[in-house]
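A structural walkthrough
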Amino acid sequence: MALLQVENLRAYYRTEMYGVSRQVRAVDDVTITLEPNEIYGVAGESSCGKTTLIKVLSGTIKPPLRVEGGSVKYNFKYGDVDMSTVTEEELRKNIRWKEISYVMQGSMSVLNPVRRVIKTFEDIIATHEGIKDRALFRERIEDHVKKLGLPPDVLNSYPHELSGGMKQRVAIALATVFKPSLIIADEPTTALDVVVQRGVLQLLKEIQSVSQNTVLLVTHDMAVHANVANKVGIMYAGRLAEEGPTELIFKRPEHPYTQHLINSLPVIGDKTGKSSLEGTPPNLANPPEGCRFHPRCPKALPICRSEVPAMKDFGGGHRAACHLLQGGRQ
Ligand code: SF4
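Reading guide: rules and limits
Residues numbered from 1 in each chain as written. Predicted model: local features only at pLDDT ≥ 70, side-chain atom pairs only at ≥ 80, totals over all residues. Near = placed C-beta within 6 Å. Nonpolar A, V, L, I, M, F, W, Y, C, P; charged D, E, K, R; others polar. Helix = DSSP H or I, 4+ residues; strand = E, 2+ residues; numbered from the N terminus. Expected span 1.5 Å × (residues − 1). Pairing = 2+ DSSP bridges. Axes fitted to C-alpha atoms, helices over the stretch in contact; angles between N-to-C directions. Buried ≥ 20, exposed ≤ 12 C-beta atoms within 10 Å, placed from the backbone.

Another aspect to go through is the site of the ligand. Around the ligand, the surrounding shell holds 14 residues, and the nearest of these are Cys 291, His 294, Cys 297, Cys 304 and Cys 322. Looking at side-chain class alone, the shell around the ligand contains 10 nonpolar, 3 polar and 1 charged residues.

Here it is in structure tokens:
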């Protein structure tokens, strides 16, 4: 059974200024499924809807963001949860940290700058489970960080004493302390240098394979997806353009936007300049009719300006939304 089913999700920002209402269609008709024990990568440029998708999936929806349609349903260890009816209390008591945890870029918002790292663990565990035996608690946390390959003295450090990579490892240790079903990792390696990035991604991969939970890895960096994700969903302007097993996405990208993202990846020794795409992603307050990629698409047809392309299925979980495609494998 799937861990998460998102069907036809529409999440918009609605604002009103001087009597004029405005809606930003940040996530528009997105359907994805996350299975247990997989790393699902979400890719796309900024303003493609990745951050809004995370907000909805983690139940952090605050005005002006509203879910306008569709459904988000989880099958957690302790039972099924429909995010359209879940209460804030249930999210706080049973879901955040315990079933869904979050690792974000920079990680500073989870680490209290004026408290030692062990105190942040203490705060989180005390809030969700209570701490009855301090010696046992200390043993549990030391054992947890040791399993993740972190030096135990990291627990006595203040965040400013740690490198960026170590802070991110601590954030991952915090996010996994309750063994959640889903870890949402939002640009977890952006702002880290390449060597440190590799270590952080390796840690995420190891945790996933040992705990057999699901990781939703959100990053614009296609090279990260190629190395880490089992499956990739490519978003463009609030819609899912293509989705499939990582190998198929990289070997046989079907959607022109995915082809562009993959063709722009640097190749060692290749000195020919990479092709760039004209223009920028559209303003989602006033997105183009039809295929939202049409103003930038080098292969656009007249129909692309008026009709939204349907998803075509290529088998094996690979699908893409483009008028050029027939579905099936040629
Ligand atoms: Fe390009 Fe048309 Fe396909 Fe959109 S539907 S990606 S505009 S060819």
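Moving on to helix H4 (residues 134-147). Taking 1.5 Å of rise per residue, the 14 residues of H4 would be expected to cover 20 Å, and the 20 Å separating its terminal C-alpha atoms lies within 8% of that figure. Downstream of H4 by one or two residues, Gly 149 has phi in the positive range, about 80°.

This paragraph deals with the sheet that holds strand S4 (residues 65-76). Reading across from one edge, S2-S1-S4-S5 is the order of the 4 strands in this open sheet, with antiparallel pairing throughout. A strand with exactly one partner marks an edge of an open sheet, and here the two such strands are strand S2 (20-34) and strand S5 (79-82). Each strand of the sheet is rotated relative to its neighbour by a mean of 15°, with strand direction disregarded. Bridge count between S4 and S5: 4 bridges; the pairing is antiparallel. The partner of Tyr 74 across the bridge, within S5, is Val 81.

Here the focus is the sheet that holds strand S11 (residues 311-315). If you trace the 8 strands from one edge of the open sheet to the other, you get S6-S7-S8-S3-S9-S10-S12-S11, paired in mixed fashion. Strands with a single pairing partner mark the edges of an open sheet, and in this sheet they are strand S6 (100-104) and S11. Ignoring strand direction, the axes of neighbouring strands in this sheet form an average angle of 20°. In this sheet, strand S9 (residues 231-236) lies alongside strand S3 (residues 39-43) in parallel orientation, the contact comprising 4 bridges. Opposite Tyr 40, over in S9, you have Lys 231 as the bridge partner.

The next subject is the pairing of S3. For S3, a buried count of 5 out of 5 residues is recorded, marking the element as mostly surrounded by other parts of the structure. By the alternation rule, side chains of S3 split into Ile 39, Gly 41 and Ala 43 and Tyr 40 and Val 42, which are all buried. Taken together, the 4 bridges between S3 and strand S8 (residues 214-218) define a ladder with parallel strand orientation. Among the inter-strand pairings, Gly 41 is bridged to a residue of S8, identified as Leu 217.

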